[in-house]
Amino acid sequence: ESSSETLTMGEFTRKYLKKSRREPLIIRQAMREFTERISMFQMDKLVHLYGSREFHINAWGQKSDVRMTLENFAHYLQLNHDRDPLYLFDPDVPKEVMDACTIPRFFTDDILHDLNTRQDSKKGIFTETGWLLIGGGGSGTKLHFDPHAVSAWSIVTQGQKLWFTFPPPPPPP
């Protein structure tokens, strides 16, 4: 764990990007400049802007995708007492929401974007490079790993999120 106020780009690159064995890192205060736009991400504001829009909802145990309007999902969140609550997880982030985000300085080199814009590629390799995630109390994702070993950043605008991170396995001999 480190603070964006004391972690330099050189130290970040040397300790975390260039190491052959990558380790999870939580950088606190990396979104400090974002706080003036945080009201954009309050649920009532999102419902006002996108209430009738359908989003992909993770429903653990369902055999098919679930889609729901944001207005209905917000209503569900208010009444939810499910053991495994629904969780909005959609790769089609509204443009205004993406535009309101500032990529933290540690993640300005976007490898997925670079792969998608290569001249020899007719269609991007990774078409989903951003996601909108909204969950109520007790919701979240199951234990998973990133098969592409990319860096990611998340913004928690309301409530709190509990993260569990594990170091990668040792490289083969």
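In this text the structure is predicted, and so the values were computed from the model without any measurement. Along each chain, numbering runs from 1 in the same order as the chain's sequence is written. Only residues with pLDDT of at least 70 are given local features in this predicted model, and only at 80 or more are side-chain atom pairs given and counted; all residues enter the totals for whole chains, interfaces and linings. In computing side-chain properties, one takes all heavy atoms of the structure into account and sets aside hydrogens as well as water.

A. Summary view of the side chain of Asn58. Only DSSP runs of H or I covering at least 4 residues are called helices, and only runs of E covering at least 2 are called strands; the numbering of each starts at the N terminus. Looking at the element boundaries, Asn58 is found in strand S3 (residues 54-58). In this structure Asn58 comes out as buried when scored by relative accessible area, which is 14%. Here Asn58 is in contact with Leu86, Tyr87 and Phe89, once residues within four sequence places are set aside. When accessible area is computed with a 1.4 Å probe and restricted to protein chains, residues below 20% of their type maximum are described as buried, those above 50% as exposed, and intermediate ones as partly exposed. Residues count as neighbours in contact if any of their non-hydrogen atoms are within 4.5 Å of one another.

B. Region of the structure containing the sheet that holds strand S4 (residues 66-69). Each pair of strands is called paired provided DSSP finds at least two bridges between the two strands. Taken in spatial order, the 4 strands of this open sheet run S4-S3-S5-S6, and their pairing is antiparallel. Strands with a single pairing partner mark the edges of an open sheet, and in this sheet they are S4 and strand S6 (132-135). The average undirected angle you get between the axes of adjacent strands in this sheet is 35°. Judged from the 4 bridges that link them, strand S5 (residues 87-90) and S6 form a sheet pairing that is antiparallel. Bridge pairing in S6 links Phe89 to Leu133. Under this scheme, a helix contributes an axis fitted over its contacting stretch, all axes are lines through C-alpha atoms, and angles between N-to-C directions fall in the 0 to 180 degree range. Helix H3 (residues 70-79) rests against S3, S4, S5 and S6 of the sheet, and its axis sits at about 95° to S4.

C. Quick look at the packing of helix H2 (residues 43-50) against H3. Put simply, H2 and H3 touch, their axes get as near as 9 Å, and they point 155° apart. When the axes of H2 and H3 are compared, the pair comes out roughly antiparallel. Between H2, through Met43, Leu46, Val47 and Tyr50, and H3, the contact on the second element is made entirely by Leu70, Glu71, Phe73, Ala74 and Leu77. Taken together, the residues that form the contact of H2 with H3 break down as 8 nonpolar, no polar and 1 charged. By the definition adopted for this analysis, an angle is roughly parallel if under 35 degrees, roughly antiparallel if over 145, roughly perpendicular if from 65 to 115, and oblique otherwise. Throughout this entry, Asp, Glu, Lys and Arg are counted as charged residues, while Ala, Val, Leu, Ile, Met, Phe, Trp, Tyr, Cys and Pro are counted as nonpolar. The remaining residues, Gly among them, count as polar.

D. Highlighting the nonpolar core. Core analysis: the largest hydrophobic core is formed by 21 residues, its most contacted members being Tyr50, Leu70, Phe73, Leu86, Leu88, Val97 and Ile134. Contributing elements (two or more residues each) for this core: H2, S3, H3, helix H4 (95-100) and S6. For this core, the element with the most residues is H3, which contributes 4 residues. Residues in contact with Phe73, not counting those within four places in the same chain, are Met43, Ile57, Met68, Leu86, Tyr87, Leu88 and Ile134. Residues belong to a common nonpolar core when they are buried Ala, Val, Leu, Ile, Met, Phe, Trp, Tyr or Cys residues joined through side-chain atoms within 4.5 Å. With 6 residues, the next largest nonpolar core counts Leu7, Ile27, Ala30 and Phe106 among its residues.

E. Local environment of the packing of aromatic side chains. The pairing test for Phe, Tyr and Trp rings, Trp by its six-membered ring, is centres within 6.5 Å, and the orientation test on the planes gives stacked under 30 degrees, edge-to-face over 60, and tilted for anything in between. With the rule as written, the count across this model stands at 2 aromatic pairs. With 6.0 Å between their ring centres and 25° between their planes, Phe73 and Tyr76 make a pair best called stacked. Residue Phe73 and its partner Tyr76 are both found in helix H3; the two are separated by 3 residues, about one turn of the helix. Each member of the pair Phe73 and Tyr76 is classed as buried. On the basis of an interplanar angle of 40° and a centroid distance of 6.4 Å, the ring pair of Tyr87 and Phe89 is categorised as tilted. Its relative accessible area of 25% is what places Phe89 among the partly exposed residues.

F. Structural detail: H3. Within the sequence span of H3, burial applies to Leu70, Phe73, Ala74 and Tyr76. Within H3, the buried residues cover an arc of 155° as seen down the axis, which keeps them to one side. Facing away from the buried side of H3 by more than 90 degrees, the exposed set consists of Gln78 and Leu79. The elements touched by buried residues of H3 are H2, S3, S4, S5 and S6. Here, the arc refers to the directions that run from the helix axis to the C-beta atoms.

G. Region of the structure containing the confidence of the model for the protein chain. pLDDT is a residue-level measure of predictor confidence that goes from 0 to 100. Here the protein chain averages 78 in pLDDT, and 75% of its residues register 70 or above. Mean pLDDT across the elements of the protein chain ranges from a minimum in helix H5 (residues 111-116), with 64, to a maximum in H3, with 95.

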